[in-house]
Amino acid sequence: MGWTGIIRFGCAGLIAASAVCAEPDKPEHDPLPQNVRFYGHFTPSVLSVDDGVTRQHELVDNSHSGGRIGVWWDDFLGYNNLRFNGELSLGLRSSSGISQGYQPDIIDFGTHSIRKLEVTLQTDRWGSVSIGQGAMGSDGVTESDLSGTSLASHVGIADTAGGFLFRTGSGTISTVRVKDAFPTFDGGRTRRIRYDTPDLNLSYFGKLRFAASIGVEDINRIETLNESLTDAGVFYHNMLGSFSIAGSAGLSLAETSTGREPQVAGSFSILHIPTGLNLTSVTGSRNNGGAYGYTKVGIRRDWFGIGETRFSVDLYEGYDTFGKGTRARSVGVGIVQDLERQNIEVFLGYREYSADGGSVVNYRDMQSVMFGMRWKFRRLENRRSVFEGLWQG
């Protein structure tokens, strides 16, 4: 059975399951009406990269949170909920998709711009099942980060300048990209079937949720968009006094050039709410693919009465990530200013990259600066049309 057949079969199964999973007792209230909700944001940025020989400046979309527009459609079936989610990239070229020798058009819109196209059956008792293009079960397991500075600085080092290649000590361009030297082993998005448990309430110990998925390979421009096609993840959050805690971990099988390789990754973050001090730690490894550790310390406070000011510094250390005996190191500084009334976050990130090829080859250090903003389309919420009220004051 092809993927189209699986989708059709799965959608029919979801509709049938909605009747099976329904609560036996009639709800005391009438089911809620059908609901449509639009959402989106725009993240224009300016990226400057110095590879040790040349400096390049480009207008880009921040790959960590690329511009998008989407819609949620909900049909409440008693205590169950049948949901549809469609999401499109706005099509501005991504910060991770350019390099010294490749600059796509400023508007880079195509079939790869379809971020999500999925149907989900959500139940209180049994959890949810999703079918279609969307997040894998381990997507986000390295992103438990309470610093609030992820737009400017986070574990996804490759999101800023992932396509750029390191130069050797002689100044010639090598074949090692930033994204090769700084992996996260996180999940991604692809066509898949995914199951999520309901939140498991552990009382004083917080809440847990498990997810698992099976997907198919998605390739764009001769590059695999998601290597993890069988995976599982666990997500945790809790409040302990004045501390907010978040954690996640995932296990997956990655389809690589050497075959199917197991990989693990996880993250943990803690925020002291009164002071805004926070600490984030991430780690991951892949069989025959190396390992890394990442640490971030930060502070977030509303000092000026216009929204939170968030600041952080971080360090990434990778071992054997782009070959046996290799090392990769990156230091980053990020600041994000939230402008609450305008629904805008302004960010500035600076990062240094270094790669050590062991005894084989030396590489020159690289630096990047990215400045931009994320404007959330708050006026899209609760609108019947994408354009209704969007530009009104």
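Rules used in this analysis
- Residues numbered from 1 in each chain as written.
- Predicted model: local features only at pLDDT ≥ 70, side-chain atom pairs only at ≥ 80, totals over all residues.
- Heavy atoms only, no water.
- Helix = DSSP H or I, 4+ residues; strand = E, 2+ residues; numbered from the N terminus.
- Contact = heavy atoms within 4.5 Å.
- Areas by Shrake-Rupley, 256 points an atom, 1.4 Å probe, with all protein chains shown as cover.
- Core = buried A, V, L, I, M, F, W, Y, C linked by side-chain atoms within 4.5 Å.
- Buried < 20%, exposed > 50% of the residue type's maximum accessible area, 1.4 Å probe, protein only.
- pLDDT = per-residue confidence, 0-100.
- Patch = residues over 30% accessible without salt bridge, like charges linked within 9 Å, V, L, I, M, F, W, Y side chains within 5 Å.
- Salt bridge = Lys/Arg side-chain N within 4 Å of Asp/Glu carboxyl O.
- 1 Å grid on protein atoms, 1.4 Å probe; cavity = no way out; pocket = protein on both sides within 12 Å on 5 of 7 lines; lining within 4 Å.
- Points joined across faces, edges and corners; volume = space filled by probe spheres on them.
- Phe/Tyr/Trp six-rings, centres within 6.5 Å; stacked < 30°, edge-to-face > 60°.
- Lys NZ or Arg CZ within 6 Å of the ring centre and 35° of its normal.
- Polar contact = N/O pair within 3.5 Å; in protein donor to acceptor, adjacent residues only side chain to side chain.

1. Notes on the overall build of the protein chain
- Across its full length, the protein chain holds 3 helices and 23 strands.
- Sequence separation of 24 or more characterises 61% of the internal contacts of the protein chain that already satisfy a separation of 6 or more.
- Carbon and sulfur atoms form 58% of the exposed surface of the protein chain, whose accessible area is close to 19400 Å².

2. Structural notes on the nonpolar core
- Of all hydrophobic cores here, the largest spans 33 residues; its most connected members are Phe 166, Phe 182 and Tyr 353.
- Listing elements by their share of this core, those giving two or more residues are strand E2 (44-50), helix H3 (178-181), strand E19 (290-301), strand E21 (327-339), strand E22 (344-356) and strand E23 (366-376).
- A per-element tally of this core places E22 first, with 3 residues.

3. Let's talk about the confidence of the model for the protein chain
- Confidence in the prediction for the protein chain averages 87 pLDDT; 85% of positions are at 70 or higher.
- Between residues 1-33, whose pLDDT stays under 50, and residues either more than four places distant or in other chains, the model counts 34 contacts.
- Note that pLDDT drops below 50 for residues 384-393; the model gives that stretch 15 contacts with residues more than four away or on any other chain.

4. Re a nonpolar patch on the surface
- A grouping of Leu 279, Val 297, Phe 311, Val 313, Val 333, Ile 335, Leu 348, Tyr 350, Val 369 and Phe 371 is seen on the molecular surface, where their side chains present a nonpolar patch of about 760 Å² in accessible area.
- In this structure, Phe 311 sits in strand E20 (residues 309-319).
- Since its relative accessible area comes to 38%, Phe 311 is described here as partly exposed.

5. Side note on empty space enclosed by the protein
- This model, assessed by the stated rule, comprises 2 cavities of 30 Å³ or more.
- What the largest cavity holds in volume is close to 60 Å³.
- Lining the largest cavity are 13 residues, with Ser 150, Ala 152, Ser 153, His 154 and Thr 160 sitting closest to its centre.
- Considering only enclosed or pocket space, the second largest cavity measures out at about 50 Å³ in volume.
- Around the second largest cavity sit Leu 151, Ala 152, Thr 160, Phe 347, Gly 349, Tyr 350, Arg 351, Ser 368 and Met 370, which together line it.
- Elements that contribute at least two residues to the lining of the second largest cavity include exactly E22 and E23.
- Take the lining of the second largest cavity: its biggest share by element is 4 residues, from E22.

6. Quick notes on the packing of aromatic side chains
- Throughout the structure, instances matching the rule amount to 8 aromatic pairs.
- Seen in terms of ring centroids, Phe 185 and Tyr 292 are 6.0 Å apart; in terms of plane orientation they differ by 40 degrees. Their pairing is tilted. Pair noted here: Phe 185 is in the loop between H3 and strand E10 (189-196) and Tyr 292 is in strand E19, with a separation of 107 residues, a long-range link. Here Phe 185 matches Tyr 292 in class, with each residue buried.
- Put simply, the rings of Phe 182, Phe 185, Tyr 292, Tyr 316 and Tyr 353 pair up and form one aromatic cluster.
- Stacked on the ring of Trp 72, the Lys or Arg Arg 83 has its end atom at 3.9 Å from the ring centre.

7. With respect to the environment of Tyr 294
- Within the fold, Tyr 294 resides in strand E19.
- A residue is classified by how much of its surface remains accessible, and Tyr 294, at 2% relative accessible area, is buried.
- Taking the C-alpha atoms as reference, Tyr 294 lies 6.6 Å from Val 155; in sequence the two are 139 residues apart.
- Apart from residues lying up to four places away in sequence, Tyr 294 is in contact with Ser 153, His 154, Val 155, Thr 280, Ser 281, Val 282, Asp 314, Leu 315 and Tyr 316.
- Polar contacts involving the side chain of Tyr 294 include one to the side chain of Asp 314, which spans 2.8 Å.

8. Topic: the pattern of salt bridges
- Enumeration according to the criterion identifies 20 salt bridges in this entry.
- Taking the shortest distance from any N to any O, the salt bridge between Arg 327 and Glu 317 comes out at 3.1 Å. Taken together, the residues span a long stretch of sequence, with Arg 327 in strand E21 and Glu 317 in strand E20 at a distance of 10 residues.
- The network of salt bridges with shared partners includes Arg 300, Glu 308, Arg 310, Asp 338, Glu 345 and Arg 374.

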